Structure formats: structure tokens, C-alpha cells
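As a plain string of letters, each chain reads:
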Amino acid sequence: ASSALFPSRRLTELYSIPTNGGRIQMMLASPAQMINFNIDGKSFFYQDQKGMEDEWRKHHTSSITRDIWYYDSNTGNHTNITNHAGEDRNPVVDTDDNNVIYFLSERNGESMNVYSLNIHNPKEVTAVTSFKTHPVRFLSQGADGTLAFTYNGEIYTKRGKNKPTKVAINIVTDDETPLKKLNVSSGASAATVSPDGKQVAFIYRGELFVTSTDYTT
């Protein structure tokens with residue numbers, strides 16, 4: 001009731017609910033996306049949403065590009081960590097050092113990559129990956145500090161100073177009906193030729209087929 005914004009699917013609000021069930025409670029009336037909690041479990045980092053720009057747009061620079069913010073639950077203050085004209089999004093708190101965050105950003109005219117910064121000196125931004133052509137998406141980190149993200153439709157992992165490694169994924173399915181080649185020269189139960197004489201339709205084994213009259217079978 002105290003929100004000055006009209007909640008919508010485009011400009012969402014942030015809510016919390018107890019894990020064992022209970023009443024939903026509003027945390028923030030302003031959009032806070034991709035939140036990642038600090039070690040205290042209360043304060044968190046998030047990306048904002050200032051407008052309706054398509055989130056998949058590349059090399060976008062304007063007043064509504066996303067920034068990464070820090071919300072202090074003790075004071076209720078919001079601090080802009082990146083304050084950069086381009087896109088900064090998807091913050092991830094480092095599991096080894098909670099003063100460090102990883103995030104996705106488009107900087108220096110390059111494609112979106114993984115960067116890191118220390119929250120006590122946010123102006124010093126370090127490039128973690130250097131992919132070209134396509135943007136890096138969907139950044140996350142495991143409990144052992146391994147970063148995971150996608151690039152050009154593939155999943156990659158990166159640990160420490162090692163180079164990113166593409167995850168070997170094999171997709172196997174057996175629900176596709178295999179194609180069968182039939183040579184039909186007789187046995188059709190019905191047949192008809194097209195008006196131009198170039199195609200013939202016939203029924204064989206209860207199925208309807210159409211083929212060119214150029215073929216002999």
C-alpha cells in the first residue's frame with residue numbers, strides 16, 4: 001500500500017516468503033532482479049530495471065541500461081556499485097571472498113563478458129573472460145568457486161585463473177521415428193495423377209504418398 005509504483009509484469013517488485021510457508025512480505029517496491037545474497041543472508045546485490053528496453057539487445061548505451069546495486073538490510077540504503085553507461089547485470093558474490101563480486105558487462109565496445117570488482121574499490125574493474133562476437137549470459141558460481149555461464153549456445157565453466165572450459169554435453173534421444181526408404185513399383189491400392197502430369201499420388205500400406213513422375217519407383 002505504501003508503494004508509489006503500480007506493480008506490473010514489466011516493472012516487478014521484490015517479495016520474500018518463509019521457506020516453511022507463511023505470509024508474503026514486500027521487500028522492495030522498485031524492481032530488483034537477479035539478486036544474490038551476501039554472507040549475512042540479509043544484504044544482497046541486484047541488477048535494476050529502469051525501463052522497458054529489450055534485455056537481449058546488444059551494445060546498448062543509454063540512461064536505462066542496467067546497473068548493479070548493493071542493498072544494506074541494516075540501513076535500508078541502496079548503493080550503485082557499477083554506475084556505468086553500458087549494461088552491467090547478473091551479480092554473483094564470490095564464495096571465497098565476499099568483498100568481491102562477479103558480473104556481466106559490456107565495456108570498451110566489446111561483447112558482454114564476465115568481470116569482477118571489489119566492493120570497497122568498485123571503480124577498478126577486472127576482466128575475467130574475453131570472448132568475442134557473442135555475449136556471455138547466465139552467470140552463476142558453485143560452492144567451490146567454479147564460475148558457470150553460457151556462450152554461443154554452449155555451457156562453460158571457469159575456476160580461478162584457468163581458461164574457460166566448454167562442458168561436454170551429449171543429448172541423446174530415442175523418441176524420433178527413424179526414416180525408412182520404400183521402393184514402390186506395385187501394390188498401390190489407389191492412385192491419381194496431377195493435372196500437369198508431373199506428380200502422382202497413391203495409397204500404399206494405408207498411407208498416402210506423393211512423388212514425381214520422373215521417378216521410376
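Please refer to the structure higher up on the page.
Please read all numbers here as calculations on a predicted model, not as lab measurements.

J.: Just checking my understanding: could you explain the sheet that holds strand β13 (residues 154-158) for this structure?
T.: Whenever strands of a sheet pair, they do so through backbone hydrogen bonds, lying parallel or antiparallel. The strand order β11-β12-β13-β14 describes an open sheet built from four strands, whose pairing is antiparallel. Edge positions in the sheet fall to β11 (136-141) and β14 (165-166), since each of these pairs with one other strand and no more. Bridging between β13 and β14 involves two bridges; their strand directions are antiparallel. In the strand pairing of β14, Thr157 is matched with Thr165.

J.: I'm lost on the pattern of salt bridges in this one. Help?
T.: When the charged atoms of two side chains lie near each other, side chains of opposite charge can form a pair. On inspection of all chains with the given rule, the structure shows seven salt bridges. Glu87 is the salt-bridge partner of Arg66, the closest N and O atoms lying 2.9 Å from each other. Of this pair, Arg66 sits in the loop between β4 (44-47) and β5 (68-72) while Glu87 sits in the loop between β6 (77-80) and β7 (88-93), and the two are 21 residues apart along the sequence. Each of the two residues, Arg66 as well as Glu87, counts as buried. Ionic pairing is found between Arg89 and Glu87, a salt bridge with its closest N-O pair at 3.3 Å. Since its relative accessible area comes to 7%, Arg89 is described here as buried. Assessed through its relative accessible area of 1%, Glu87 is described here as buried. Connected via shared salt-bridge partners are Asp48, Lys50 and Asp67.

J.: Just checking my understanding: could you explain the nonpolar core for this structure?
T.: A general trend in soluble globular proteins is that nonpolar side chains are found buried together. Core analysis: the largest hydrophobic core is formed by 13 residues, its most contacted members being Tyr102, Val114, Val136, Leu139 and Phe149. Secondary-structure elements contributing two or more residues to this core are β8 (100-105), β11 and β12 (147-151). For this core, the element with the highest residue contribution is β12, accounting for three residues. Once residues within four sequence positions are removed from consideration, Val136 is found in contact with Leu104, Met112, Asn113, Val114, Thr129, Phe131, Phe149, Thr150 and Tyr151.

J.: Can you help me understand the packing of aromatic side chains in this one?
T.: Pairs of aromatic rings are described using the distance from one ring centre to the other and the angle between the two planes. This model, assessed by the stated rule, comprises twelve aromatic pairs. Their ring planes at 45° and their centres at 4.9 Å tell us that Phe45 and Tyr70 sit as a pair that is tilted. Here Tyr70 lies in strand β5 and Phe45 lies in strand β4, a separation of 25 residues in the sequence. The same class applies to Phe45 as to Tyr70, namely buried. Aromatic rings pair up to connect Phe37, Phe44, Tyr46 and Tyr71 into one cluster. Cation over ring: Arg107 sits above Tyr115, and NZ or CZ is 5.9 Å from the ring centre.

J.: How do you make sense of the side chain of Asp72 when you look at a structure like this?
T.: Mapped onto the secondary structure, Asp72 falls in strand β5. Buried and unpaired, Asp72 has Lys42 as its nearest opposite-charge partner, separated by 9.8 Å. Of note is the side chain of Asp72, whose polar atom sits 2.9 Å from the backbone nitrogen of Asn74. When residues no more than four places from it in sequence are discounted, the contact partners of Asp72 are Ser43 and Asn77.

Cut-offs used in this document
- Residues numbered from 1 in each chain as written.
- Predicted model: local features only at pLDDT ≥ 70, side-chain atom pairs only at ≥ 80, totals over all residues.
- Heavy atoms only, no water.
- Pairing = 2+ DSSP bridges.
- Helix = DSSP H or I, 4+ residues; strand = E, 2+ residues; numbered from the N terminus.
- Salt bridge = Lys/Arg side-chain N within 4 Å of Asp/Glu carboxyl O.
- Buried < 20%, exposed > 50% of the residue type's maximum accessible area, 1.4 Å probe, protein only.
- Core = buried A, V, L, I, M, F, W, Y, C linked by side-chain atoms within 4.5 Å.
- Contact = heavy atoms within 4.5 Å.
- Phe/Tyr/Trp six-rings, centres within 6.5 Å; stacked < 30°, edge-to-face > 60°.
- Lys NZ or Arg CZ within 6 Å of the ring centre and 35° of its normal.
- Lys, Arg positive; Asp, Glu negative; His and termini not counted.
- Polar contact = N/O pair within 3.5 Å; in protein donor to acceptor, adjacent residues only side chain to side chain.

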